[in-house]
Amino acid sequence: LEAARKAVALDPENVRALQALMLTNFLNQNVAAGKAAGEAGLQLNPNDMEFVGEYGTRLALAGDLERGEEMIRRAMAFNPSNANYYRIILAVTAYLRHDLEAAQEYIDVVELRNDGIGLLCAAAIYAEAGRMEDAKRIREQFLSLGTNQMANLDLELGKRNLRFEDRRYLLQGFKKAGLPVPDAVSKKYGV
């Protein structure tokens, strides 16, 4: 965060410095500061698709689904090299809007690698849609990674600035998929 602040102080018109400041603020759960850096970067270069896609991702996950999804789709159209990542985010935002049909359409074409959070979300989508064999397959793929993401689940969701109700809905999907949601997290969100 300090390095990003210093970079912006040295060159306030550097979009990459603003992107670093935006991202570190969002990851530190300072959404207002993240949005301020995001808006500054957009003003400087609204055609920087890497920036547009990253800012759209952060906005969508923080609850501004409509604007965030529009930015992600725009970035994906102009920069298809990040399409896999963008489709994961669009699958999650469709899920959060309770549009399971769209969520499945996106997640079905994603190449799910060893992205723990992507796998968790795919398992939730499949479980919520009643595709339990797919949910089980993805759950097993996630568990084989051996990450500590389930133990740190609340922190992982917090870093993405998900709203309380969105966290709760995801947790319901995780549990339907048979993922080991920590008891403290289940209790905190009433799941």
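Here goes a summary of the coordinates provided. (Residues numbered from 1 in each chain as written. Predicted model: local features only at pLDDT ≥ 70, side-chain atom pairs only at ≥ 80, totals over all residues. Heavy atoms only, no water.)

1. What about helix α4 (residues 49-61)?
Step number 1: In a regular helix each residue adds 1.5 Å, so 13 residues correspond to 18 Å; α4 covers 18 Å between its end C-alpha atoms and thus fits that length.
Step number 2: Across the 13 residues that make up α4, a large majority, 12, are buried.
Step number 3: Buried-residue contacts for α4 involve α2 (15-27), α3 (31-44), α5 (65-78) and α6 (83-96).
Step number 4: Positive backbone phi, approximately 115 degrees, marks G63, located one or two places after α4. (Helix = DSSP H or I, 4+ residues; strand = E, 2+ residues; numbered from the N terminus. Expected span 1.5 Å × (residues − 1). Buried < 20%, exposed > 50% of the residue type's maximum accessible area, 1.4 Å probe, protein only. Contact = heavy atoms within 4.5 Å.)

2. So, the nonpolar core
Soluble, globular proteins show a tendency: their nonpolar side chains are buried together.
Step number 1: Grouped together as the largest cluster of nonpolar side chains are 63 residues, with contacts concentrated most on L170 and F174.
Step number 2: If sequence neighbours within four positions are ignored, F174 has contacts with L120, C121, A124, L153, L179 and V181. (Core = buried A, V, L, I, M, F, W, Y, C linked by side-chain atoms within 4.5 Å.)

3. Quick look at unusual backbone geometry
Step number 1: One non-glycine residue with positive phi stands out, namely Q29, at about 60 degrees.
Step number 2: By the secondary structure assignment, Q29 is in the loop between α2 and α3.
Step number 3: The residue H98 is not glycine, and still its phi comes out positive at about 65 degrees.
Step number 4: With respect to the helices, strands and loops of the structure, H98 is situated in the loop between α6 and α7 (100-108).
Step number 5: For H98, a relative accessible area of 51% puts it in the exposed group.

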